[in-house]
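Here are the chains, one letter per residue:
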Amino acid sequence: MEGLDPVVVELGDQLENPGESLSLTGKLDLSGYSSGEKEFTLADGVSYDVVLTNAGDGILVTGIVRAHADGQCDRCLEPAGFDISGEIEEYYLFEEPEDAESYEDGFELVGPERTVDLSGAIWDAMVMDTPFVVLCRPDCAGLCPTCGANLNDGPCGCADQAEQAWVDSDENPFAALKNLKLD
Ligand SMILES: [Zn+2]
Ligand SMILES: [Zn+2]
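As a starting point, this report considers the structure included with it. (Residues numbered from 1 in each chain as written. Chains lettered and ligands numbered in written order. Predicted model: local features only at pLDDT ≥ 70, side-chain atom pairs only at ≥ 80, totals over all residues. Heavy atoms only, no water.)

Details of the coordination of the zinc ion (ligand 1)
Any two of four tetrahedral donors ideally make an angle of 109.5 degrees at the metal, while pairs among six octahedral donors ideally make 90 or 180 degrees.
So, step 1. In the first shell of the zinc ion (ligand 1), the protein supplies Cys73 (SG), Cys76 (SG), Cys136 (SG) and Cys140 (SG), at 2.3 Å from the metal.
So, step 2. Taken together, the 4 donor atoms coordinating the zinc ion (ligand 1) span angles of 106 to 115° at the metal, a pattern that classifies the geometry as tetrahedral.
So, step 3. Here the donor residues for the zinc ion (ligand 1) map to a single chain with the spacing C-x2-C-x59-C-x3-C. In this pair, Cys76 is assigned in the loop between strand 6 (58-72) and strand 7 (79-93) and Cys140 in the loop between helix 1 (119-128) and helix 2 (158-168), connecting sequence segments 64 residues apart. In terms of burial, Cys76 and Cys140 fall into one category: buried. (Donors = N, O, S within 2.8 Å, 3.2 Å for Na, K, Ca; no water. Tetrahedral: all angles 85-135°; square planar, octahedral: opposite > 155°, others 65-115°. Helix = DSSP H or I, 4+ residues; strand = E, 2+ residues; numbered from the N terminus. Buried < 20%, exposed > 50% of the residue type's maximum accessible area, 1.4 Å probe, protein only.)

If you want it as structure tokens, here you go:
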């Protein structure tokens, strides 16, 4: 899925004074997500561990999002998994600022019932920590472009054949030498 359902934290009468903070852990029962063109399954949902602080004109939320994701290796197409450990840092203003347009990255607001929705922050942290290239192992050899064999299982022989073909081809400037007979 793309994006998360709201993850609403009700502050109630907590964090009413600047400097007060509150630790919060939680878990989202999410079975998978997509990032770009790629689909990932989540073995055990998404856990988050955050601290909310009243920073005067808003609530600062910092913390970590953790998950284990499984997808496909970009080189060999075999299953490939990775751990997500993404940093959250989001600021929720109590009131919409007058210079709202100067906030280039946008801003979040504390809800009218003193709620904050962590879903955007959690989602951003997950996507930011999703590797751009997913590999089954750092040195994955990938697939042979000629025959499609998984080169992690060993050489398929195409490379040797290609080299031999080049030696025999007209593009090889030394090919003519083969026919040169020296008496
Ligand atoms: Zn691979
Ligand atoms: Zn091959």
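Some thoughts on the nonpolar core
So, step 1. Formed by 37 residues in total, the largest nonpolar core has its most connected members in Tyr33, Val46, Leu52, Leu118 and Ile122.
So, step 2. For this core, the secondary structure elements donating two or more residues are strand 2 (21-28), strand 4 (38-42), strand 5 (46-54), strand 6, strand 7 and helix 1. (Core = buried A, V, L, I, M, F, W, Y, C linked by side-chain atoms within 4.5 Å.)

Things to note about the coordination of the zinc ion (ligand 2)
So, step 1. Those donors, Cys144 (SG), Cys147 (SG), Cys156 (SG) and Cys158 (SG), are the protein atoms that reach the zinc ion (ligand 2), and they lie 2.2 to 2.3 Å from it.
So, step 2. A relative accessible area of 46% places Cys147 in the partly exposed class.

Topic: the side chain of Asn54
So, step 1. Within the fold, Asn54 resides in strand 5.
So, step 2. Side-chain polar atoms of Asn54 contact the backbone oxygen of Leu15, separated by 2.9 Å. (Polar contact = N/O pair within 3.5 Å; in protein donor to acceptor, adjacent residues only side chain to side chain.)

Here we look at the packing of aromatic side chains
So, step 1. What the rule picks out here adds up to 3 aromatic pairs.
So, step 2. Both rings, one in Tyr33 and one in Phe40, keep their centres 5.3 Å apart while their planes meet at 35°; by these two values the pair is tilted. Of the two residues examined, Tyr33 and Phe40, each falls in the buried class.
So, step 3. Between Phe40 and Phe82, the aromatic rings sit 5.2 Å apart at their centres with planes inclined by 85°, giving edge-to-face as the arrangement. On the criterion of sequence distance, the pair formed by Phe40 in strand 4 and Phe82 in strand 7 is long-range, its members being 42 residues apart. Each member of the pair Phe40 and Phe82 is classed as buried.
So, step 4. Put simply, the rings of Tyr33, Phe40, Phe82 and Trp123 touch in pairs and so form one group of aromatic residues. (Phe/Tyr/Trp six-rings, centres within 6.5 Å; stacked < 30°, edge-to-face > 60°.)

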